[in-house]
Amino acid sequence: MNYHSDKYIMDGIREHYNEALEYFPEDRIVCLVLQGSQNYGLDIPSSDIDTKLIVTPTFEDVAMNRQPISTTHIRVDNSHTDWKDIRLMLQTFRKCNLNFLEILFSPYCIINPLYAEEWNLLIQNNELIANYDPCKSVKTMCGLARRKYEQMEHESPSHHDDIEKFGYSPKELHHLLRIEEYVERYIAGEPYKDCLISKLPDYLISVKQGCYTLGDARWIANCSMSHIEEMCDASPFKEHDINRDVDKLLDDVQYEIMKIAIKKEIGD
């Protein structure tokens with residue numbers, strides 16, 4: 001259960017949305033969705049509100065073949081919004097990264113009524129999309145776990161205070177353990193929505209807040225990473241086991257959203 005209330009979280013979402021309107025006309029905004037700990041029930045007092053903003057390109061962007069937008073906007077409070085072109089976002093879903101797929105399961109969102117029918121199609125089919133390519137999902141999760149493992153003691157601006165205090169980043173360790181549980185449950189066939197929510201939230205929160213010494217954290221991280229790699233190596237999923245119906249769904253949604261946006265722009 002999150003530390004902050006749903007109202008607190010949605011108020012933060014609205015602040016992000018209002019700030020996005022300073023950079024994009026509302027007609028270009030498909031939706032703004034929460035990303036991160038609140039989607040997993042692992043929100044703590046210090047947790048930021050971070051979001052993903054999905055936008056459409058302009059007609060000129062398409063006609064001139066400009067690079068689709070994909071950048072991170074840092075807000076004055078150091079929370080952030082990832083700005084993502086709809087075309088890239090739908091391609092990213094095919095990469096099966098849980099950090100992107102989570103937005104299809106988040107209850108914390110603002111959806112533009114212009115695109116609600118199309119975006120809601122994705123939400124209604126979130127389990128199908130999340131299981132588009134099970135083999136790639138497992139490999140992607142393993143790669144993500146490896147990054148968390150390597151970043152646990154890596155000095156960076158975001159980790160500086162924790163490494164100075166604990167000798168490592170408790171946040172990265174908690175991510176690693178969360179992914180370990182996630183991989184095990186995903187391979188066992190649990191619904192994706194259930195896999196997103198840990199069965200051990202209190203434990204993960206205590207890890208996130210630095211309950212382990214550096215020595216214990218290293219040992220736990222090594223065991224966790226080894227277990228993840230063993231599970232991925234023994235995964236029952238085969239290469240190229242792809243759901244082509246999901247391809248069509250993603251293509252259709254992209255086409256309809258782009259059509260609405262360009263017709264609205266040209267019509268205006």
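Residues numbered from 1 in each chain as written. Predicted model: local features only at pLDDT ≥ 70, side-chain atom pairs only at ≥ 80, totals over all residues. Heavy atoms only, no water.

Draft legend 1. Highlighting the pattern of salt bridges. Taken as a whole and judged by the stated rule, the model has 20 salt bridges. Across the pair Glu 190 and Lys 199 runs a salt bridge whose closest N-O atoms are separated by 3.7 Å. Judged by its relative accessible area of 25%, Glu 190 falls in the partly exposed class. Its salt-bridge partner being Glu 256, residue Lys 259 comes within 3.5 Å of it at the nearest N-O pair. One end of the pair, Lys 259, and the other, Glu 256, are both in helix α13 (residues 244–267), 3 residues apart, so they sit about a helical turn from each other. Residue classification places Lys 259 among the partly exposed positions, given a relative accessible area of 35%. On the basis of relative accessibility, which here comes to 29%, the residue Glu 256 falls in the partly exposed class. Connected through salt bridges with shared partners, the residues Arg 28, Glu 60, Asp 61 and Arg 66 form a single ionic network. (Salt bridge = Lys/Arg side-chain N within 4 Å of Asp/Glu carboxyl O. Buried < 20%, exposed > 50% of the residue type's maximum accessible area, 1.4 Å probe, protein only. Helix = DSSP H or I, 4+ residues; strand = E, 2+ residues; numbered from the N terminus.)

Draft legend 2. Quick look at helix α1 (residues 6–20). Between the first and last C-alpha of α1 there are 21 Å, a value that for 15 residues agrees with the 21 Å anticipated at 1.5 Å per step. Taken together, the buried positions of α1 are occupied by Ile 9, Gly 12, Ile 13, His 16, Tyr 17, Glu 19 and Ala 20. Projected onto a plane normal to the axis of α1, the buried residues spread over an arc of 165° and lie on a single side. At its buried positions, α1 is contacted by β1 (29–35), β2 (50–55), β3 (70–74), β4 (80–85) and β5 (109–111). (Expected span 1.5 Å × (residues − 1). Arc of directions from axis to C-beta. Contact = heavy atoms within 4.5 Å.)

Draft legend 3. Representation of the nonpolar core within the structure. Within the largest apolar cluster, 57 residues are counted, with the highest numbers of intra-cluster contacts made by Phe 93, Trp 119, Leu 122, Ile 129, Leu 173, Tyr 192 and Ile 228. Beyond its immediate chain neighbours, meaning those up to four positions away, Ile 228 contacts Cys 142, Ala 145, Leu 176, Ile 179 and Glu 180. Of all hydrophobic cores here, the second largest spans 14 residues; its members include Tyr 17, Leu 32, Leu 53 and Trp 83. (Core = buried A, V, L, I, M, F, W, Y, C linked by side-chain atoms within 4.5 Å.)

Draft legend 4. Up close: the packing of aromatic side chains. Here the structure, examined in full by the defined rule, presents 10 aromatic pairs. When the ring of Tyr 23 is compared with that of Trp 83, the centres are 5.1 Å apart and the planes differ by 50°; the resulting orientation is tilted. With Tyr 23 in the loop between α1 and β1 and Trp 83 in strand β4, the pair connects residues that are 60 residues apart, well separated along the chain. Residue classification places Trp 83 among the buried residues on the basis of a relative accessible area of 12%. Ring geometry for Tyr 203 against Tyr 212: centres 6.4 Å apart, planes inclined by 75°, an arrangement best described as edge-to-face. Counting every residue linked through ring pairs, the aromatic cluster contains Phe 105, Tyr 182, Tyr 186, Tyr 192 and Phe 237. Across from the ring centre of Phe 100, 4.5 Å away, lies the NZ or CZ of Lys 52, which sits over that ring. The side chain of Arg 178 reaches across the aromatic face of Tyr 40, ending 3.9 Å from its centre. (Phe/Tyr/Trp six-rings, centres within 6.5 Å; stacked < 30°, edge-to-face > 60°. Lys NZ or Arg CZ within 6 Å of the ring centre and 35° of its normal.)

Draft legend 5. Structural detail: the sheet that holds β2. An order of β3-β4-β2-β1-β5 is seen for the 5 strands of this open sheet, with the pairing classed as mixed. The sheet is open, and its two borders are formed by β3 and β5, each paired with just one other strand. Strand-to-strand twist in this sheet, taken as the mean axis angle between neighbours without regard to direction, amounts to 15°. Pairing between β3 and β4: 5 bridges, direction antiparallel. In the strand pairing of β4, Ile 74 is matched with His 80. (Pairing = 2+ DSSP bridges. Axes fitted to C-alpha atoms, helices over the stretch in contact; angles between N-to-C directions.)

What is shown is where atoms sit, not what they do.
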